[in-house]
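Here is what each chain is made of, one letter per residue.
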Amino acid sequence: RAERHAHFQLRRGRAMSSSADPANAAQEIMAKYEMMKSEVRQYAVKIGELDSERNEHSLVVNTIKDLDPNRRCFRLIGGVLVERTIKEVLPAVENNLQGISTMIKKLTEVLKKKQEELDAYTEKYNIKPARQLSQEMRRAEEGKNTKSSGVLA
């Protein structure tokens, strides 16, 4: 019985400490916000990398598609330069291009959802980036200056 009572107090104490200490709660909110923002940034970077890779594959496909299919070409596979013919290489490069495009679409959808979650979290806790806050403060200052600089006649 005493153990149950101690366990209840311990659980109650934890619950109270997180809600009773606003500084700690604010730190937790900001930590989660930063984590979510970092995740969104990572998705955007990955999409950028894949887009660059897609552009390279597209350039290769457009360059070799009109050439003689029996012409020799070289392909880098796992750090090894391999000699093949265009008819062997072109389908593989087109397949890779399609796979990259599909991955970009999927990651873009995930990025959109993550950004919406971040926006909702930002709205819920009224989080404003420092840049936005400084702009609002500047506008407020300008508003005060324009109101007080009127000429009395």
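Higher on the page you've got the structure.
The residue numbers shown here count from 1 along each chain, following its written sequence. Reporting in this predicted model follows two pLDDT cut-offs: at least 70 for local features of residues, and 80 or more for side-chain atom pairs to be given and counted; totals over whole chains, interfaces and linings ignore these cut-offs and use all residues. Processing note: side-chain calculations cover all non-hydrogen atoms of the structure and skip hydrogens and water entirely.

(A) Region of interest: the overall build of the chain. Runs of E in the DSSP output that reach at least two residues are strands. Runs of H or I that reach at least four are helices, and both are numbered from the N terminus. Looking only at helices and strands, the chain features four helices and two strands. Listed by position from the N terminus, the elements making up the chain come as α-α-β-β-α-α. Three exposure classes are used, based on accessible area relative to the maximum for each residue type with a 1.4 Å probe and protein chains only: buried under 20%, partly exposed in between, and exposed over 50%. Counting the 153 residues in the chain, one finds 16% classified as buried. Partitioning the contacts of the chain with sequence separation of at least 6, the portion at a separation of at least 24 is 62%. Entry remark: accessible area of the chain is about 12,400 Å², with carbon and sulfur atoms responsible for 54%. Residues are treated as being in contact if the distance between any of their heavy atoms lies within 4.5 Å. Note on areas: Shrake-Rupley, 1.4 Å probe, and residue coverage restricted to the protein chains presented here.

(B) Examining helix α2 (residues 22-64) more closely. Here α2 spans 63 Å end to end across 43 residues, near enough to the 63 Å set by a 1.5 Å rise per residue. Within α2, burial applies to Tyr 33, Met 36, Val 40, Ile 47, Leu 50, His 57, Val 61 and Ile 64. Of the surrounding elements, those touching the buried residues of α2 are α3 (86-124). Multiplying one less than the number of residues by 1.5 Å gives the expected span of a helix.

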